[in-house]
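Next come the chains, spelled out residue by residue.
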Amino acid sequence: MAFLKRSPWILHYDASSCNGCDIEVLACLTPLYDVERFGIINTGNPKHADILMITGGINELNRAVVRNLYEQMPEPKVVVAIGACAATGGIFRECYNITGGIDKVIPVDVYVPGCAARPEQIIDGVVTALGILEEKRTKMRGNAQTKEEARHAAGEST
Amino acid sequence: MPKRIVVPFGPQHPVLPEPIHLDLVLEDEKVVDVVPSIGYIHRGLEQLVQKREFTEYVYVAERICGICSFMHAVGYCQGIEHIMGLEVPDRARYLRTIWSECSRLHSHLLWLGLFADGMGFENLFMRSWQLRESVLDVLEDTTGGRVIQGTCKVGGVRRDIGQEKLDEMHHTLDPFEEQCRDLGDIFLNDDTVKYRLKGLGVISKDEAYALGATGPTTRGSGVAMDHRETGYAAYGDIGFKPVVETAGDCYARCAVRVKEVYASIDQIRRAIDQIPEGPLDVKVKGTPDGEYFSRVEQPRGEVVHYLRGDGTKHLARARIRTPTLANIPMLVKMLPGVQLADVPVVVLSIDPCISCTER
Ligand code: SF4
């Protein structure tokens, strides 16, 4: 990670996890790991965020909250599911109140394994997410361009 | 009379690492009433005892909460050991104490950081978390896990700490304590901190007692209640005295935690000095039949694990009463009269741990 083209902002949400992965996400922001030096900033506002870092297996009450947060984030956006319980429900899989993974509710782009996931793994997940974010951005720009060109072509012919 | 408005606080809020929802009833900027609602992290872990064998449930107990995970394991294991009449070897009791106190250190430093962040003291937040990393290094070195340790089991502990490592820990305690005292000095003596915290969210001793609050939250109001006094694990051997403050405001609760950091360092030092040689575990034979209330002092207060076995591999019932649940009524009492801008600080002052609360 020599340099980043942009400064992605992250939104962190705890969707029914045990907290273990959440404090590791926070640890990424503090001096030892310090992702802020790459321009990655933790924001509390979904409308400012590019990357959603989410932990936990999502319970019934959290479903609506998670979907709401996801929908409020502007495109392009990437979702990073952190920890075993975010991927499949993990140790909570058989609990009566657990949906069983983030991808049951919103689309997930990157899965970070571990229970608890280590900060190094989480940073690795964010870096992967950055690549995907860039791809999505190019695609969006591409789409916008083709539309623009199509409109141009149509305009010229008439 | 000014018009009343209701402002929702949470579940997703920048100062909260975990979701809790409060409806704040305001008159202008002043809070007049609070209605808390919880349930965003409820997973149903108590019922899981019927699906996991009693020895395996330790892993689930550890994941009730990622911050005090080791102490949940200790609470659960002590309960089962009592029901089955298992005598835990001395060395295991000491190791449990050392790891428990390390967990308390990392939890308190984590809280001090979050609290500083809630006050808007970013620099202090970073410093607290930097110090916390050295505790996590020790935990990782000795158990293999940073936040989830997995070393406690029914009948003892799973790993030993070698004499060499113990000596090394003993050596690093002095410089570490010095750093902690530097940090604690800011929390206790800085003018900005005092200005923000003194006289905020006051709860009297009687109120704290009547509301049934636990842990540093109640010790800040002058109630000298700490479950370590009963001497579970090795606390009986190494001696223990609770840290108490009397003012009952946010500053007092903060001071209790700062001083408990010093106390924990002292406990670890004494435990390392006195730790006996010997086996690490006893063999677990049979299944639990009977019931027990197992109580352990966590960083946030007293946790109660009620366990009932009926002679099968699966427990019939587990009930876990966690400290934050006991402290929420106190929070509801603290908030009325507080300015909206101070709400995050007051909420954080009870050290809410929502994954514990909702299990
Ligand atoms: S993956 Fe494990 S450590 Fe992480 S939040 Fe889930 S249960 Fe906790």
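None of these values were measured; they are calculated from a predicted model.

Turning to the side chain of B:H72, a few remarks are in order. Residues and elements named next belong to chain B. Structurally, H72 can be placed in helix α2 (residues 69–84). We classify H72 as buried; its relative accessible area is 0%. Polar side-chain contacts of H72 include one of 3.3 Å to the side chain of H305. In this structure H72 touches A61, I64, C65, Q298, V303, H305, I320, T322 and C356, once residues within four positions along its chain are discounted.

The subject of this paragraph is the site of the ligand. Residues in close proximity to the ligand include A:S17, A:C18, A:C21, A:G83, A:A84, A:C85, A:F92, A:G114, A:C115, A:A116 and B:R63, which together make up its full environment. The ligand sits at a junction of chains, with neighbouring residues supplied by chains A and B. A breakdown of the residues in the shell around the ligand according to their chemical character gives 7 nonpolar, 3 polar and 1 charged.

To continue, consider helix α11 (residues 323–334) of chain B. With 12 residues, α11(B) extends 17 Å between its outermost C-alpha atoms, agreeing within 8% with the 16 Å of an ideal straight helix rising 1.5 Å per residue. Within the sequence span of α11(B), burial applies to B:P323, B:T324, B:A326, B:N327, B:I328, B:M330, B:L331 and B:M334.

Turning our attention to the domain arrangement of chain B. All names here are of chain B. When the domains of chain B are assigned, the result is domain 1 (1–42) and domain 2 (43–341). Using C-alpha coordinates to define each centre, domain 1 is positioned 28 Å away from domain 2. Of the residues lining the interface, 15 residues belong to domain 1; the matching set on domain 2 comes to 13 residues. Between domain 1 and domain 2 lies a buried interface of about 1300 Å² when both sides are counted; carbon and sulfur atoms form 72% of it. It is E29, V31 and V34 in domain 1 that bury the most area against domain 2; as a group they hold 33% of the surface buried on that side. Joining domain 1 to domain 2, the criterion identifies 0 salt bridges. Inspection of the region where domain 1 meets domain 2 yields 2 residue pairs in polar contact (both at pLDDT 80 or more).

Helix packing for two helices is described by the angle between their axes and how far apart those axes are. All names here are of chain B. It is the contact of helix α3 (residues 90–119) with helix α4 (residues 122–143), at a shortest axis distance of 8 Å, that shows an interaxial angle of 160 degrees. Comparing the axis directions of α3 and α4 gives the class roughly antiparallel. Where α3 crosses over α4, the two elements pack in a sense that is left-handed. Residues W99, C102, L105, H106, L109, L110, L112, G113, L114, A116 and D117 of α3 form the contact with α4, whose participating residues are E122, L124, F125, S128, W129, L131, R132, V135, L136, L139, T142 and T143. Broken down by class, the residue content of the contact of α3 with α4 amounts to 15 nonpolar, 5 polar and 3 charged.

The subject of this paragraph is the interface of chain A and chain B. Interfaces are often sized by the amount of accessible area the parts lose when they come together. Listed by partner, the interface residues are 36 residues for chain A and 40 residues for chain B. Across the chain A/chain B interface, buried area totals approximately 3200 Å², and carbon plus sulfur atoms make up 62% of it. It is A:I23, A:I91 and A:E94 in chain A that bury the most area against chain B; as a group they hold 18% of the surface buried on that side. Between the two partners, chain A and chain B, sit 3 salt bridges. Two residues, B:R146 and A:E24, come together in a salt bridge whose shortest N-O distance is 2.7 Å. Applying the counting rule to chain A against chain B returns 12 residue pairs in polar contact (both at pLDDT 80 or more).

Here is what the cut-offs are and how they apply
Residues numbered from 1 in each chain as written. Chains lettered and ligands numbered in written order. Predicted model: local features only at pLDDT ≥ 70, side-chain atom pairs only at ≥ 80, totals over all residues. Heavy atoms only, no water. Helix = DSSP H or I, 4+ residues; strand = E, 2+ residues; numbered from the N terminus. Buried < 20%, exposed > 50% of the residue type's maximum accessible area, 1.4 Å probe, protein only. Polar contact = N/O pair within 3.5 Å; in protein donor to acceptor, adjacent residues only side chain to side chain. Contact = heavy atoms within 4.5 Å. Near = heavy atom within 4 Å. Nonpolar A, V, L, I, M, F, W, Y, C, P; charged D, E, K, R; others polar. Expected span 1.5 Å × (residues − 1). Domains from an automatic or database assignment. Buried area = accessible area lost by both parts, 1.4 Å probe. Salt bridge = Lys/Arg side-chain N within 4 Å of Asp/Glu carboxyl O. Axes fitted to C-alpha atoms, helices over the stretch in contact; angles between N-to-C directions. Parallel < 35°, antiparallel > 145°, perpendicular 65-115°, else oblique. Left-handed = near helix turned anticlockwise from the far one by under 90°.

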